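Each chain, letter by letter, is given below.
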Amino acid sequence: MGCMHLIAGILGNATSLLLYAAPILTFRRVIRKRSTEEFSCVPYVVALLNCLLYTWYGLPVVSVEWENFPVVTINGLGILLESSFIIIYFVFAAPRTKMMVILMLAAVLLVFGATACVSSFKFSNHHHRKMFVGSVGLVASVCMYGSPLVVMAPNLVGSPLGLMQLILYCMYKKNDRKNVQGSKLDVEKGAQLQAVNGEGDCNAGDMKYKYPPGVLEK
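Residues numbered from 1 in each chain as written. Predicted model: local features only at pLDDT ≥ 70, side-chain atom pairs only at ≥ 80, totals over all residues. Heavy atoms only, no water.

### Considering the nonpolar core
Inference 1: Residues Tyr20, Phe27, Cys41, Ile86 and Tyr89 are the most contacted members of the largest nonpolar core, which totals 26 residues.
Inference 2: Looking at this core, the elements with two or more residues in it are α2 (24–33), α3 (42–58), α4 (69–92), α5 (95–121) and α6 (126–146).
Inference 3: Of all the elements, α3 adds the most residues to this core, at ten residues.
Inference 4: Not counting residues up to four positions away in its chain, the partners in contact with Tyr89 are Phe27, Thr36, Phe39, Ser40, Cys41, Thr97 and Val101. (Core = buried A, V, L, I, M, F, W, Y, C linked by side-chain atoms within 4.5 Å. Buried < 20%, exposed > 50% of the residue type's maximum accessible area, 1.4 Å probe, protein only. Helix = DSSP H or I, 4+ residues; strand = E, 2+ residues; numbered from the N terminus. Contact = heavy atoms within 4.5 Å.)

### Some thoughts on unusual backbone geometry
Most peptide bonds adopt trans geometry, and most residues besides glycine take a negative phi value.
Inference 1: Unusually for a residue other than glycine, Arg34 sits at a positive phi of about 55°.
Inference 2: Among the structural elements, Arg34 can be located in the loop between α2 and α3.
Inference 3: In this structure Arg34 comes out as exposed when scored by relative accessible area, which is 61%.
Inference 4: The backbone of Glu37 shows a phi angle near 50°, a positive value even though the residue is not glycine.
Inference 5: Locating Glu37 in the fold gives a position in the loop between α2 and α3.

### Observations concerning the side chain of Thr115
Inference 1: Of note, Thr115 is situated in helix α5.
Inference 2: The exposure class assigned to Thr115 is buried, which follows from its relative accessible area of 5%.
Inference 3: Here Val111 takes part through its backbone oxygen, which lies 2.8 Å from a polar atom of the side chain of Thr115.
Inference 4: In this view, Thr115 contacts Leu53, Phe132, Val133 and Val136; residues no more than four positions away in its chain are not counted. (Polar contact = N/O pair within 3.5 Å; in protein donor to acceptor, adjacent residues only side chain to side chain.)

This is the structure we're talking about:
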């Protein structure tokens, strides 16, 4: 049983490490372009809260001694990674976005501090502390995995609008083509009429030149 618990902990740590390290490529791009572009900081702030809560969960204050030491190690590494991502984001973000990051971090610290205080002073045994911190951590995990939806929400709203713009563009483009074709036809007809009138004048002049005066008048 202890061996299975260890194996499960190692596999869980490996999976979590890949999850926490996934934004490295994104932030390489941010550093290279020196801009956060359209990226949102919400997933990284929520992930930081998740790591803080589960690190607290694994400490001997909540758990029995070091029974959840693997949880402490991987989430401690997650705190380091997520904090690094947030710092990089903050450095290259716009001033207005920086204020939002500060407010979100303040909310994260408030939630974590309240959870730590309640679990330490409200509950007197490890079982109830683990139940409380684990429940809060579960909510934080759900928020972490759902946080990319915050980024997708503007896209879900913008997609129908973008589609409508494309439809209108195609409609007006067809009308413009018809107008241009009609203008070309008018120009061609006008040129043909001018050519016909010019030929008529030339023929009349030739006739006046070839025949004696008064013949054409008769």
